[in-house]
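# Breakdown of the fold
Each chain, letter by letter, is given below.
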Amino acid sequence: GMRIEEICSMKLGDVTADRFKIIDAKTKAGIREVPIHTKLKPLIKRLTSKSKDGLLISGLSDDKYGDRSSAIGKRFGHLKKSLGYTTRSHVFHSFRHTFSTALLRADVSSVVTDFLLGHKSGNLAIDTYSDGVSFKQKKDAVAKIKYPAGVAKHLK
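Residues numbered from 1 in each chain as written. Predicted model: local features only at pLDDT ≥ 70, side-chain atom pairs only at ≥ 80, totals over all residues. Heavy atoms only, no water.

### Side note on the overall build of the protein chain
Within the protein chain, the secondary structure is distributed over eight helices and two strands. N-terminal to C-terminal, the α/β element order of the protein chain is α-β-β-α-α-α-α-α-α-α. The C-alpha atoms of the protein chain give 16 Å as radius of gyration, which agrees with the globular expectation for 156 residues (15 Å, within 12%). Projected onto its principal axes, the C-alpha positions of the protein chain cover 45 × 30 × 30 Å. Each of the 156 residues in the protein chain was classed as buried or not, and the buried ones make up 31%. (Helix = DSSP H or I, 4+ residues; strand = E, 2+ residues; numbered from the N terminus. Rg over C-alpha atoms; globule rule 2.2 N^0.38 Å. Buried < 20%, exposed > 50% of the residue type's maximum accessible area, 1.4 Å probe, protein only.)

Encoded structure:
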């Protein structure tokens with residue numbers, strides 16, 4: 001559920017065994033903690049152990065705007081093209097759509113989904129007066145997402 005630049009600029013100090021701490025985001029609502037799905041833990045462990053620059057995705061260069069995600073976006077574009085996806089409807093941001101859809105289909109409340117994605121809930125009382133959903137609520141929601149058979153082997 002993270003934005004591409006949030007992932008690409010993630011420092012190792014902002015990754016723990018069970019969560020990503022997003023401290024620099026597109027909006028104030030984007031400052032959040034996102035649980036790491038159990039199926040992603042081997043991948044995250046591998047990335048953190050191989051980092052040479054203190055960043056989760058090591059070795060990326062900043063573009064002229066200071067963003068680190070351009071290279072990943074281009075590599076993703078080449079990968080999807082090589083797999084036969086030629087439309088513009090399949091973009092890196094599609095992972096956020098898939099994540100949101102998976103939460104919806106797992107009967108996760110829209111408020112919890114908003115907090116996971118880094119959006120305001122649209123509810124004045126929640127957005128103004130609430131401390132938000134608990135980490136446990138977010139962790140339980142993420143745990144409801146089931147990856148198709150075979151996907152996990154690609155995450156190791």
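### Quick look at a nonpolar patch on the surface
A cluster of nonpolar side chains, contributed by Leu79, Leu83 and Tyr85, occupies part of the molecular surface with about 320 Å² of accessible area. With respect to the element layout, Leu79 can be found in helix α3 (residues 70–82). (Patch = residues over 30% accessible without salt bridge, like charges linked within 9 Å, V, L, I, M, F, W, Y side chains within 5 Å. Areas by Shrake-Rupley, 256 points an atom, 1.4 Å probe, with all protein chains shown as cover. Salt bridge = Lys/Arg side-chain N within 4 Å of Asp/Glu carboxyl O.)

### What about the confidence of the model for the protein chain?
Here the protein chain averages 88 in pLDDT, while 94% of its residues score no lower than 70. Per-element confidence in the protein chain is highest for helix α7 (residues 135–143), whose mean pLDDT is 97, and lowest for helix α8 (residues 151–154), whose mean pLDDT is 54. (pLDDT = per-residue confidence, 0-100.)

### With respect to α3
Under the 1.5 Å per step criterion, the end-to-end length of α3 is 18 Å for 13 residues, consistent within 8% with the ideal 18 Å. Among the residues of α3, those classed as buried are Ile72, Phe76 and Lys80. Here the buried residues of α3 occupy an arc of 70° about the axis, which is enough to place them on one side. Relative to its buried face, α3 has exposed residues pointing more than 90 degrees away, namely Lys74, Arg75, His78, Lys81 and Ser82. As for α3, its buried residues are in contact with α1 (4–8) and α4 (94–105). The first or second residue beyond α3 is Gly84, which carries a positive phi of 95°. (Expected span 1.5 Å × (residues − 1). Arc of directions from axis to C-beta. Contact = heavy atoms within 4.5 Å.)

### Examining the pattern of salt bridges
Summed over all chains, the structure comprises seven salt bridges. Here Glu6 ties to Arg3 by a salt bridge, and the two come within 3.2 Å at their closest N and O atoms. Note on Arg3: relative accessible area 12%, which makes it buried. Residues Glu6 and Arg32 are paired through a salt bridge, measuring 2.9 Å at the closest nitrogen-oxygen approach.

### Observations regarding the packing of aromatic side chains
Under the defined criterion, the tally for this structure stands at one aromatic pair. The side chain of Arg19 reaches across the aromatic face of Phe135, ending 3.5 Å from its centre. (Phe/Tyr/Trp six-rings, centres within 6.5 Å; stacked < 30°, edge-to-face > 60°. Lys NZ or Arg CZ within 6 Å of the ring centre and 35° of its normal.)

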